[in-house]
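A look at the structure
So you can see what is in the structure, the chains are spelled out below.
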Amino acid sequence: MSTDLKQARLITRAVKLLFAGALSLSAAHLALAADSSNKADKETTLYFNAHVFTAEYNAPYAEAVAIRGDTIVAVGSQSAVEKAAGKTAHKVDLHGQFLMPGMIDAHAHPLMGGVTLIMANYADDSVSIPNLVAFIDKQIADKKSFIGDTLVIYDLDLGYWSHSAELDAILSQGPYAAMPIVLSGGDGHTGWANLAARQRAGLNAEFVRQLPAEKQKFFGLGSDSAPNGFVVDFGKSLIDASLPKPTPEVMFAAGVAGVQYMNSVGITGWLDAAAIGDASGSALEADDVGLLPIYQELAKQGLLSAHVAAYPVVSPDAGLGQLALVEKLRKQFKDIPNLTIPGLKVFADGVVEYPSQTAALTKPYSNTGQTVPPMFKQAAMNSMVTEADKRGLLVHVHAIGDGAVKAGLDAFEVARKANPNGKLKHAITHAQFVDPQDQQRFAQYNVIAALQLLWALGDPSTIELIKPYVDASIYPNMYPARSMLEKGAEIAGASDWPVTSAAPFAAMAQAEVRKGPEGVLFPEQRMPRLAMLYAYTRNSADVLNQLKTIGTLAAGKRADLVLVDRDVLAVSADELKDAKVLATMFAGKKVFGAGL
Ligand SMILES: [Zn+2]
Ligand SMILES: [Zn+2]
């Protein structure tokens, strides 16, 4: 068995054992697994005869790369790199293979992604209730996909939610009456809870009735105006908060699985967009450390093979006191290898798809006549962003609707005027609808757009669930990546995993073709290949505020490398989509695959 296979098995085994709670492997043992391919500290390795993409603007291509310890010592032509590497360098012939920087995901939730890896996923999009019930029965029999006493299933097709009453008629009765069941939508914002789960969360007709009207819409209601189990955003976080807490062992196992998965798709860095808090966008509480201890433990055991920028969620309306809490967290979790807390995350709105419709659009939804405002008061957001900028904290804004994007940009405009010498590059993520008037404002205020372009395709999620309900003047401004690029926006690549796959090459290919089962979504917005490669390397490094040390291949930067099975600059979009990572190296250590 190869070392890699052994390493992969060891880690998989560690995950299973920890998850089962049967045995916890010693820290030293796990660290050994991660270090098994460690290079002798000062040995230089020369990778030659490669197709190298460096992501450096002034020299994007090269033939060879030399590394020493965790650092790149030279990149360039074969002769130049050979000279820099010295005669004693260990030489590796890459036989013309494609080598590039470790990729960076500018918005993801990899620990939650890890939970979905170790729990059951139901990716079947047939929207067949009998199939789903059969799957649930199997999970109950297998006893694996439980958090405490609650059966949890991830990644459900959103098409199930319009059948919430049917789900309730089956899954809240008989054998399921006493067992809490929670189904989570593939969008990360929606879900469904059976009667037992709703009872535990205190969710009943009376509860919904006493809510203000604008909060009632986070719950699906039956004809008797009792909840039918469907929940979105605020509703989902009510259910999520009532779940038994995953044990630290489960979260650690999820972390191991999440890191391993990210490395396997060539990712060596990410922005964790809700390291504390969730999509309800509620205020950061004193002493809430969220997932940070899990990252800390992964780092301690030598298993955090990625640069992680962890963002706590704050609520602008809850005041500037939260900034002091973020600063306190930075102190509390400083000096942890590969972990930074560069700033904070703000939700400007929810999601646009029917029936959720919590995204802030500038015009009303046609079915309800309602205009959804941003989740914050503009003045509170303005002072939050201005003060964060002044204190050197990055702001990462979730904005789906054109109204939310506008509100985010308005706040960045105020901050730029207040702090004209500020150099921080803040970011807006998703940007599903961007008013053409606002597209150049990204460049104007130096705000990076962290885009999930895997979502830019013609399918029910962008057509049936949106087009009938969104004003015809807004709808064509969906995922306007190319327009933004041409108006000077810095575009970073992001996945929002586990909402959708984190595999970067699939997202790059999608950004380029925008083709789905129901056709091409606004073909004029297709992205150029090279722009997407920059998006997932240097531009994402910029989102993490780490471009000085990662994101490109250049002497002095960290040796984060990815070996790919094809030339992703030369192949067709179809072949790009299927590109496989052969090996991933993080800080000079091989963390996935073979060949480096
Ligand atoms: Zn989001
Ligand atoms: Zn997210």
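The chain has the name Amidohydrolase in an unreviewed UniProt entry, where Sapientia aquatica is given as its organism.

1. Overview of the sheet that holds strand S5 (residues 71-76)
Strand order in this open sheet of four strands is S5-S4-S1-S6, and the pairing throughout is mixed. With one partner strand each, in any of the chains shown, S5 and strand S6 (90-93) form the two edges of the open sheet. Strand-to-strand twist across the sheet, computed as the mean angle between neighbouring axes with direction ignored, equals 20°. As judged from the four bridges shared by strand S1 (residues 44-48) and strand S4 (residues 64-68), these two strands associate in the antiparallel manner. Across the sheet, the residue bridging to leucine 46 is alanine 66, located in S4.

2. Comments concerning the coordination of the zinc ion (ligand 1)
Metal coordination angles have textbook ideals: 109.5 degrees for a tetrahedral set of four donors and 90 or 180 degrees for an octahedral set of six. Protein coordination of the zinc ion (ligand 1) is provided by His398 (ND1) and His430 (NE2), with donor distances spanning 2.1 Å. Between the two metals, the zinc ion (ligand 1) and the zinc ion (ligand 2), the spacing is 3.5 Å. In this pair, histidine 398 sits in strand S20 (residues 394-399) while histidine 430 sits in strand S21 (residues 427-430), placing the two residues 32 residues apart along the sequence.

3. Some thoughts on helix H15 (residues 402-418)
Between its first and last C-alpha atoms H15 spans 24 Å; for 17 residues at 1.5 Å apiece the expected length is 24 Å, and the two agree. Within H15 the residues assigned to the buried category are Asp402, Gly403, Ala404, Val405, Ala407, Gly408, Leu409, Ala411, Phe412, Ala415 and Arg416. Buried residues along H15 sit in contact with helix H14 (378-390), S20, S21, helix H16 (436-439) and helix H17 (441-444).

4. Things to note about the UniProt feature "domain: Amidohydrolase" (unreviewed entry) in the chain
Within this numbering scheme, the UniProt entry marks residues 92-592 as carrying the feature "domain: Amidohydrolase" (unreviewed entry). Helix makes up 34% of residues 92-592 and strand 20%, and the two end C-alpha atoms of the span are 17 Å apart.

5. Section: the coordination of the zinc ion (ligand 2)
The zinc ion (ligand 2) binds to the protein through His107 (NE2), His109 (NE2) and Asp496 (OD), with metal-donor distances spanning 2.1 Å. Coordination of the zinc ion (ligand 2) draws on donor residues from a single chain, spaced H-x1-H-x386-D in sequence.

6. Examining the confidence of the model for the chain
Detailed reading of predicted coordinates is not advised where the pLDDT is low. For the chain, per-residue confidence averages 92 on the pLDDT scale, and residues scoring 70 or more make up 93% of the total. Here residues 1-41 is modelled with pLDDT under 50, and outside its nearest four sequence neighbours on either side it reaches 55 contacts, counting other chains as well.

7. Let's talk about the nonpolar core
Judged by nonpolar contacts, the single largest core of 157 residues is most densely connected at Leu183, Leu298, Phe442 and Phe505. When residues in this core are grouped by element, the largest group, nine residues, is from helix H11 (residues 248-264).

8. As for the sheet that holds strand S27 (residues 581-586)
Taken in spatial order, the six strands make up an open sheet running S3-S2-S7-S26-S27-S28, and their pairing is mixed. Every interior strand has two partners, whereas the edge strands, strand S3 (61-62) and strand S28 (589-593), have only one. Each of S27 and S28 touches H11; the most contacted strand, S28, lies at about 85° to it.

9. Some remarks on the pattern of salt bridges
On inspection of all chains with the given rule, the structure shows 25 salt bridges. Between aspartate 240 and lysine 236 there is a salt bridge, and its shortest N-O distance comes to 3.0 Å. One end of the pair, aspartate 240, and the other, lysine 236, are both in helix H10 (residues 234-242), four residues apart, so they sit about a helical turn from each other. For aspartate 240, a relative accessible area of 29% puts it in the partly exposed group. Across the pair arginine 441 and glutamate 413 runs a salt bridge whose closest N-O atoms are separated by 2.9 Å. On the criterion of sequence distance, the pair formed by arginine 441 in helix H17 and glutamate 413 in helix H15 is long-range, its members being 28 residues apart. On the basis of relative accessible area, arginine 441 is assigned to the buried category, the value being 8%. Taken together, the shared-partner salt bridges connect Lys406, Asp410, Glu413, Lys417, Asp435, Asp438 and Arg441 into one network.

10. Thoughts on the domain arrangement of the chain
Here the chain is partitioned into domain 1 (37-102 + 554-593), domain 2 (110-242) and domain 3 (248-543). Of note, the centres of domain 2 and domain 3, computed from C-alpha atoms alone, are 25 Å apart. Of the residues lining the interface, 23 residues belong to domain 2; the matching set on domain 3 comes to 32 residues. Carbon and sulfur atoms make up 78% of the surface buried where domain 2 meets domain 3, a total of about 2,100 Å² over both sides. Summed over the three residues of domain 2 that lose the most area to domain 3, namely Pro110, Leu111 and His189, the buried surface amounts to 33% of that side. Inspection of the region where domain 2 meets domain 3 yields zero salt bridges.

11. A word on the packing of helix H4 (residues 110-118) against H11
For the pair H4 and H11, interaxial distance at closest approach is 7 Å and the crossing angle is 100°. Between H4 and H11, the angle falls in the class roughly perpendicular. Contacts from Pro110, Leu111, Met112, Gly114, Val115, Leu117 and Ile118 of H4 reach H11 at Val250, Met251, Ala253, Ala254, Gly255, Ala257, Gly258, Tyr261 and Met262. Of the residues in the contact of H4 with H11, the class split is 13 nonpolar, three polar and no charged.

12. Observations regarding the packing of aromatic side chains
Evaluation of the coordinates by the stated rule reveals twelve aromatic pairs. The interplanar angle of 50° and the centroid separation of 5.7 Å between the aromatic rings of phenylalanine 53 and tyrosine 534 together place this pair among those described as tilted. On the criterion of sequence distance, the pair formed by phenylalanine 53 in strand S2 (residues 51-53) and tyrosine 534 in helix H20 (residues 529-543) is long-range, its members being 481 residues apart. The two residues phenylalanine 53 and tyrosine 534 agree in class, both being buried.

13. Some remarks on helix H13 (residues 321-332)
Over its twelve residues, H13 extends 17 Å from the first C-alpha to the last, a length consistent with the 16 Å expected when each residue adds 1.5 Å. Listed as buried for H13 are Gln322, Leu323, Leu325, Val326 and Leu329. Buried residues along H13 cover an arc of 155° about the axis, so they all sit on one side. Away from its buried face by more than 90 degrees, H13 exposes Gly321 and Lys331. The elements touched by buried residues of H13 are strand S16 (267-276), helix H12 (292-300), strand S17 (307-314), strand S19 (343-347) and H14.

14. Remarks on the environment of aspartate 402
Mapping aspartate 402 onto the fold places it in helix H15. Judged by relative accessible area, which is 5%, aspartate 402 ranks as buried. Aspartate 402 sits 30 residues away from glutamine 432 along the chain, and the two C-alpha atoms are 7.5 Å apart. With residues up to four places along the chain from it excluded, the contact list for aspartate 402 reads Ala360, Leu361, Thr362, Phe433, Asp435 and Ile474.

Parameters and conventions
- Residues numbered from 1 in each chain as written.
- Chains lettered and ligands numbered in written order.
- Predicted model: local features only at pLDDT ≥ 70, side-chain atom pairs only at ≥ 80, totals over all residues.
- Heavy atoms only, no water.
- Pairing = 2+ DSSP bridges.
- Helix = DSSP H or I, 4+ residues; strand = E, 2+ residues; numbered from the N terminus.
- Axes fitted to C-alpha atoms, helices over the stretch in contact; angles between N-to-C directions.
- Donors = N, O, S within 2.8 Å, 3.2 Å for Na, K, Ca; no water.
- Expected span 1.5 Å × (residues − 1).
- Buried < 20%, exposed > 50% of the residue type's maximum accessible area, 1.4 Å probe, protein only.
- Contact = heavy atoms within 4.5 Å.
- UniProt positions renumbered as here; feature names shortened; annotations may be inferred.
- pLDDT = per-residue confidence, 0-100.
- Core = buried A, V, L, I, M, F, W, Y, C linked by side-chain atoms within 4.5 Å.
- Salt bridge = Lys/Arg side-chain N within 4 Å of Asp/Glu carboxyl O.
- Domains from an automatic or database assignment.
- Buried area = accessible area lost by both parts, 1.4 Å probe.
- Parallel < 35°, antiparallel > 145°, perpendicular 65-115°, else oblique.
- Nonpolar A, V, L, I, M, F, W, Y, C, P; charged D, E, K, R; others polar.
- Phe/Tyr/Trp six-rings, centres within 6.5 Å; stacked < 30°, edge-to-face > 60°.
- Arc of directions from axis to C-beta.

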